[in-house]
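Listed here are the chains, written in short residue letters.
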Amino acid sequence: MVQAKFSLEASHIQFLQQCKWYGFKDKSDVVRTALDRLYTALAQQRLCESAALYAEVYDNDKETQGWTDAALSEWPT
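Predicted model, so just to flag it, every value in this text is computed and none were measured.

Caption draft 1: A look at the side chain of Q65. Counting through the fold element by element, Q65 comes out in helix α3 (residues 62–73). You can call Q65 buried: its relative accessible area is 16%. Side-chain polar atoms of Q65 contact the backbone oxygen of D59, separated by 3.0 Å. When near neighbours in sequence (up to four residues on either side) are disregarded, Q65 contacts Y58, D59 and N60.

Caption draft 2: Molecular detail of the packing of aromatic side chains. Under the criterion given, the structure shown has two aromatic pairs. With a centroid separation of 4.8 Å and an interplanar angle of 40°, the aromatic rings of F15 and Y22 are classed as tilted. F15 gets classed as partly exposed once you look at its relative accessible area, which sits at 35%. In this structure Y22 comes out as partly exposed when scored by relative accessible area, which is 41%. Their ring planes at 85° and their centres at 4.9 Å tell us that W21 and Y22 sit as a pair that is edge-to-face. Classification of W21 as exposed rests on a relative accessible area of 70%. Taken together, the ring pairs connect F15, W21 and Y22 into an aromatic cluster.

Criteria and thresholds
- Residues numbered from 1 in each chain as written.
- Predicted model: local features only at pLDDT ≥ 70, side-chain atom pairs only at ≥ 80, totals over all residues.
- Heavy atoms only, no water.
- Helix = DSSP H or I, 4+ residues; strand = E, 2+ residues; numbered from the N terminus.
- Buried < 20%, exposed > 50% of the residue type's maximum accessible area, 1.4 Å probe, protein only.
- Polar contact = N/O pair within 3.5 Å; in protein donor to acceptor, adjacent residues only side chain to side chain.
- Contact = heavy atoms within 4.5 Å.
- Phe/Tyr/Trp six-rings, centres within 6.5 Å; stacked < 30°, edge-to-face > 60°.

Distances and angles like these do not, on their own, reveal function.
Take a look at the structure:
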(Lines give C-alpha, C1' and ligand atoms only; values in the text may rest on other atoms or scores of the structure.)
Protein backbone atom coordinates (compact mmCIF):
# COMPACT_ATOMS: atom_id res chain seq x y z
CA MET A 1 0.00 0.00 0.00
CA VAL A 2 0.97 3.59 -0.55
CA GLN A 3 1.72 5.67 2.52
CA ALA A 4 0.62 9.29 2.99
CA LYS A 5 1.54 11.93 5.52
CA PHE A 6 -1.07 14.36 6.88
CA SER A 7 -1.83 16.42 9.97
CA LEU A 8 -4.60 15.70 12.47
CA GLU A 9 -6.16 17.40 15.45
CA ALA A 10 -5.53 15.96 18.93
CA SER A 11 -9.10 14.62 19.07
CA HIS A 12 -8.48 12.66 15.85
CA ILE A 13 -5.33 11.15 17.31
CA GLN A 14 -7.20 10.12 20.47
CA PHE A 15 -9.86 8.42 18.37
CA LEU A 16 -7.23 6.61 16.28
CA GLN A 17 -5.53 5.38 19.42
CA GLN A 18 -8.80 3.71 20.43
CA CYS A 19 -9.33 2.10 17.02
CA LYS A 20 -9.28 -1.48 18.29
CA TRP A 21 -12.00 -0.70 20.83
CA TYR A 22 -14.21 0.29 17.86
CA GLY A 23 -13.41 -2.95 16.05
CA PHE A 24 -10.82 -1.70 13.58
CA LYS A 25 -7.68 -3.69 12.83
CA ASP A 26 -5.39 -0.68 13.08
CA LYS A 27 -5.23 3.09 12.56
CA SER A 28 -4.88 2.70 8.80
CA ASP A 29 -8.07 0.64 8.72
CA VAL A 30 -9.91 3.53 10.40
CA VAL A 31 -8.61 6.05 7.86
CA ARG A 32 -9.39 3.80 4.87
CA THR A 33 -12.91 3.15 6.18
CA ALA A 34 -13.50 6.86 6.81
CA LEU A 35 -12.29 7.78 3.32
CA ASP A 36 -14.44 5.07 1.71
CA ARG A 37 -17.50 6.32 3.60
CA LEU A 38 -16.77 9.93 2.69
CA TYR A 39 -16.33 9.00 -0.97
CA THR A 40 -19.65 7.13 -0.93
CA ALA A 41 -21.43 10.01 0.81
CA LEU A 42 -20.07 12.57 -1.66
CA ALA A 43 -21.06 10.38 -4.62
CA GLN A 44 -24.57 10.03 -3.16
CA GLN A 45 -24.76 13.79 -2.65
CA ARG A 46 -23.73 14.42 -6.27
CA LEU A 47 -26.34 11.92 -7.43
CA CYS A 48 -29.07 13.65 -5.40
CA GLU A 49 -28.02 17.07 -6.71
CA SER A 50 -28.10 15.74 -10.26
CA ALA A 51 -31.56 14.22 -9.72
CA ALA A 52 -32.83 17.52 -8.31
CA LEU A 53 -31.46 19.38 -11.32
CA TYR A 54 -33.11 16.95 -13.74
CA ALA A 55 -36.38 17.26 -11.80
CA GLU A 56 -36.20 21.05 -12.04
CA VAL A 57 -35.54 20.89 -15.77
CA TYR A 58 -38.41 18.43 -16.19
CA ASP A 59 -40.77 20.67 -14.21
CA ASN A 60 -40.04 23.52 -16.63
CA ASP A 61 -40.13 21.47 -19.86
CA LYS A 62 -43.73 20.98 -20.96
CA GLU A 63 -42.72 19.07 -24.09
CA THR A 64 -40.85 16.41 -22.09
CA GLN A 65 -43.77 16.19 -19.66
CA GLY A 66 -46.07 15.55 -22.61
CA TRP A 67 -43.85 12.75 -23.93
CA THR A 68 -43.70 11.19 -20.49
CA ASP A 69 -47.46 11.39 -19.99
CA ALA A 70 -48.06 9.84 -23.41
CA ALA A 71 -45.64 7.01 -22.73
CA LEU A 72 -47.14 6.35 -19.30
CA SER A 73 -50.66 6.21 -20.69
CA GLU A 74 -49.59 3.37 -22.97
CA TRP A 75 -47.74 1.48 -20.24
CA PRO A 76 -49.49 -1.76 -19.19
CA THR A 77 -50.99 -1.72 -15.72
